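# Coordinate analysis (summary)
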Amino acid sequence: MPSLLGVVVHDGFANLVWASDEWDLAEDAEIVKDAISNALGDTVEFAGIMRTLDADRVVYSFAVRGEHVDLLGVVSLIGGLSGARTEARPVKYVRQLVQPALECLRRELSLRSQLGIARAGSRWTRA
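So, a few notes on the structure that sits alongside this text. In this text, all values refer to a predicted model and were calculated from it rather than measured experimentally.

### Examining the overall build of the chain
Summing up its helical and strand segments, the chain has 2 helices and 5 strands in all. When the helices and strands of the chain are read in sequence order from the N terminus, they spell out β-β-α-β-β-β-α. Counting every position in the chain, which comprises 127 residues, the buried fraction comes to 36%. Excluding contacts between residues fewer than 6 apart, the proportion of contacts in the chain whose partners are at least 24 apart in sequence is 52%. For the chain, the accessible surface area stands at approximately 8,100 Å², while carbon and sulfur atoms represent 53% of it.

### A few points about the pairing of strand β5 (residues 71–80)
When you tally the buried positions in β5, you get 10 out of 10 residues, the bulk of the element. As defined by bridge partners, strand β1 (residues 4–11) adjoins β5 across 7 bridges and the pair is classed as antiparallel. Pairing of L4 across the sheet is with G79, part of β5. Two strands pair when backbone bridges link them, and strand β4 (residues 57–65) and β5 are joined in this way by 9 bridges, in the antiparallel orientation. Bridge pairing in β5 places R65 opposite L71.

### Things to note about the sheet that holds strand β2 (residues 16–19)
An order of β2-β1-β5-β4-β3 is seen for the 5 strands of this open sheet, with the pairing classed as antiparallel. Edge positions in the sheet fall to β2 and β3 (49–54), since each has one partner strand and no second. Averaged over all adjacent pairs, the angle separating strand axes in this sheet is 20°, with direction ignored. As judged from the 3 bridges shared by β1 and β2, these two strands associate in the antiparallel manner. Bridged to V9 within β2 is W18.

### Things to note about the nonpolar core
By size, the foremost hydrophobic cluster in this structure holds 16 residues, and its most contacted members are Y60, F62, V64, V75, L77 and L102. Looking at this core, the elements that each hand over two or more residues are β1, β4, β5 and α2 (91–126). Among the elements that make up this core, the one with the highest residue count is α2 (5 residues). Aside from chain neighbours lying at most four places away, what touches L77 is M1, L4, G6, V7, V58, V59, Y60, F62, V94 and V98.

### Quick notes on the side chain of R95
Structurally, the position occupied by R95 is in helix α2. Buried and unpaired, R95 has E103 as its nearest opposite-charge partner, separated by 7.5 Å. Among all residues touching R95, those that are not within four sequence positions of it are A47, F62, A63 and L102.

### Topic: a nonpolar patch on the surface
Among the surface-exposed residues, M1, L4, Y93 and L97 lie close enough to one another that they form a single nonpolar patch of about 330 Å² accessible area. Relative to the assigned elements, M1 resides in the segment before β1.

Cut-offs applied
Residues numbered from 1 in each chain as written. Predicted model: local features only at pLDDT ≥ 70, side-chain atom pairs only at ≥ 80, totals over all residues. Heavy atoms only, no water. Helix = DSSP H or I, 4+ residues; strand = E, 2+ residues; numbered from the N terminus. Buried < 20%, exposed > 50% of the residue type's maximum accessible area, 1.4 Å probe, protein only. Contact = heavy atoms within 4.5 Å. Areas by Shrake-Rupley, 256 points an atom, 1.4 Å probe, with all protein chains shown as cover. Pairing = 2+ DSSP bridges. Axes fitted to C-alpha atoms, helices over the stretch in contact; angles between N-to-C directions. Core = buried A, V, L, I, M, F, W, Y, C linked by side-chain atoms within 4.5 Å. Lys, Arg positive; Asp, Glu negative; His and termini not counted. Salt bridge = Lys/Arg side-chain N within 4 Å of Asp/Glu carboxyl O. Patch = residues over 30% accessible without salt bridge, like charges linked within 9 Å, V, L, I, M, F, W, Y side chains within 5 Å.

Everything listed here is a matter of coordinates, which is why it stays silent on function.
Here's what the structure looks like:
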């Protein structure tokens, strides 16, 4: 995605997990909440959401789901709208561009979730 300015990852509860340098959506928290709400409301067809931040930037947010359709998190991509590109690309088009990266992140978040559950279970049984 040539116009990519930043990446922000939130868990399924809108907690910040990771953000690229100088980019977070703390001032625009509604974007992440909207993405989570829409993803939870449409577990099959939710492609993502797109929001324009200002005349120069757009945010695409995509749900990352586990194997059982549970919401693992939301990835938000901040893209630039300058030069020849002054309109945002369609969400489905951007999703196709970044789908391989989303799949890698899905596997990583799913593994972390499974390990966290296993660790919590083992601590629980020892106590």
